[in-house]
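Close look at the chain arrangement
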Amino acid sequence: MIRHIRWCAWFCALLLAALLVNAARVQVWEAAAYRDSPANKRPAVERWAQPRGDILVEGRPVTGSRDSRQLLRWERTYADGPLYAPVTGFASQTYGTSLLERAEDALLAGTDPGLTAFPLWYDLARGRPSGGNAETTLVAAVQQAGYTALEGKRGAVAALEPVTGRILALVSSPSYDPGELSGTGTAVTAAWTRLNEDPARPMLNRALHETYPPGSTFKIVTAAAALDAGTVTDVDAPTRTPDPYPLPGTRTLLPNAASGCEDASMADAVRWSCNTVMARIGVRVGLRGMAEAARRFGFNDAGLRVPAWVSRSNFDTDMSPDQLALSSIGQFNTKATPLQMARVAAAVASGGELPAPYLVERATRADGTQIRTGGRRGGSGRAMTPSTALRLQELMVGAVEDGTARNAAVAGAVVGGKTGTAQHGVGNAGTPYAWFIGWAKAADEPLPGVAVAVVVEDASGDRGDISGNSAAAPIARAVMEAALRAGP
């Protein structure tokens, strides 16, 4: 009898050992596979088991959470969804996250280690603290001004505080309501399909992710390169440029849309946007000098984050002289995001320092205590010398007071600007993009308060009449007026 009991005991011990070995195998070797299995709903259930933290504009939440009483309990909600969608992005239980919802996901979801002094305790308790809040740099009135001015058009607005790089407004039109994507089910799937099949691409963030030929607004970079390199020492001196200008090495003649450009000075070329003069100046600076100047202004930087990622703006570094001539007036392969061109204007306005743009002022816990500041302080380096920046400020003011950018003038303020009309498409058959970049300073303020870039893809009117002054400058004026009214 004792012998049988002993055998039973050994058999039970063997079963226990087998159970422990199998448990160890599952916990150690196969845990990752089970965790990542699409059939494992636990991470999603845990992720949406509590409300997310909020994204704030001037202290007011523009996001929220709603108890759906479903397995994935808390759904995201948005106040003024289309207005702020280019900043917040979406947080969807079906399609993931985008923009700030993605860049600040750990903070908003409550998994950021900075949210608690005892992260190990939450790990052991399998819990997490309440989600934190991301306070943006946006100014509501400036965002609203850009959104209203662009309504009904395709395009984008980016506005910065020139000295600090604080992003005051990011508008992309048309926009969409991210709340339509928050939950699960057929309605969410239908909304996702509809938005992605819309030819107007409302989910595309044109301010950060779309690159356009910048057209004549790029002439500010060319002018800075020429002044810093000493290629042009007197902006009022004739440049001995013919009209039209034969592109180097070709029989192609580059014309002007404006009159009076033959032998014009660089000052007049910026004021009246003479293609011929600025193309020839770019060729005189040379490929190496132009590429280096573009780099200093932030072109060809694939690592820009605000903290959402920003598309790389391009200036080719290997070109023939005729291609360089076209690139120097913002054509050929030169491409830029609206945010990048706002940085160009901001660099001029701030005395030559290229700002590092940022969108999150600070991150806080749910009780409002600060975890960290979100922005990068200081600039991204010097784009030009202070004397060159001062000279360009004068030229841009001239373009607004007595040149092609007069529709950007703001009463009681000093405004500098540059218009652009960019050709694109096969054989340049597309509707030209209308551009404006500029900055504004209140009369009683020592420094410019806002730098802005506006692009309009589908400007209305006869193709030959479309220009940055008629289509983009009035939008920029509305944004600059709102920023100056809001103050620093």
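As a reminder, the structure under discussion sits directly above these lines.
Residues numbered from 1 in each chain as written. Predicted model: local features only at pLDDT ≥ 70, side-chain atom pairs only at ≥ 80, totals over all residues. Heavy atoms only, no water.

The element helix α12 (residues 275-285) is largely enclosed, with a buried count of eight among its eleven residues. Among the residues of α12, Asn275, Thr276, Val277, Met278, Ala279, Ile281, Gly282 and Val285 are the ones counted as buried. Lining the buried residues of α12 we find α10 (219-229), β10 (245-246), β11 (253-254), α11 (266-272), α13 (287-296) and α14 (321-327). Where α12 terminates, the next one or two residues include glycine 286, which has phi positive at roughly 95°. (Buried < 20%, exposed > 50% of the residue type's maximum accessible area, 1.4 Å probe, protein only. Helix = DSSP H or I, 4+ residues; strand = E, 2+ residues; numbered from the N terminus. Contact = heavy atoms within 4.5 Å.)

Before going further, it helps to spend a moment on the side chain of serine 328. For serine 328, the position within the fold is in the loop between α14 and α15 (338-349). Separated by 2.7 Å, the side chain of serine 328 and the backbone oxygen of leucine 324 make a polar contact. Leave out the neighbours within four places in its chain, and serine 328 touches Phe218, Lys219, Thr222, Met278, Ala279, Gly282, Val283 and Met290. (Polar contact = N/O pair within 3.5 Å; in protein donor to acceptor, adjacent residues only side chain to side chain.)

Right, let's talk about the sheet that holds strand β17 (residues 433-442) for a bit. An order of β9-β8-β18-β17-β16 is seen for the five strands of this open sheet, with the pairing classed as antiparallel. Bordering the open sheet on either side are β9 (167-173) and β16 (413-422), each of which pairs with just one other strand. This sheet shows a mean twist of 10° between the axes of neighbouring strands, independent of strand direction. Direction of pairing for β17 relative to strand β18 (residues 450-456): antiparallel, over a ladder of seven bridges. The residue bridging alanine 440 from the neighbouring strand is valine 450, located in β18. (Pairing = 2+ DSSP bridges. Axes fitted to C-alpha atoms, helices over the stretch in contact; angles between N-to-C directions.)

Here we come to the pairing of strand β7 (residues 133-136). Alternating residues of β7 divide into Asn133 and Glu135 and Ala134 and Thr136, and every residue in both groups is buried. For strand β1 (residues 55-57) and β7, the ladder comprises two bridges, and the chain directions are parallel. Across the sheet, residue isoleucine 55 finds its bridge partner in β7, namely alanine 134. Where β7 meets strand β13 (residues 360-364), four bridges bridge the pair, whose relative direction is antiparallel.

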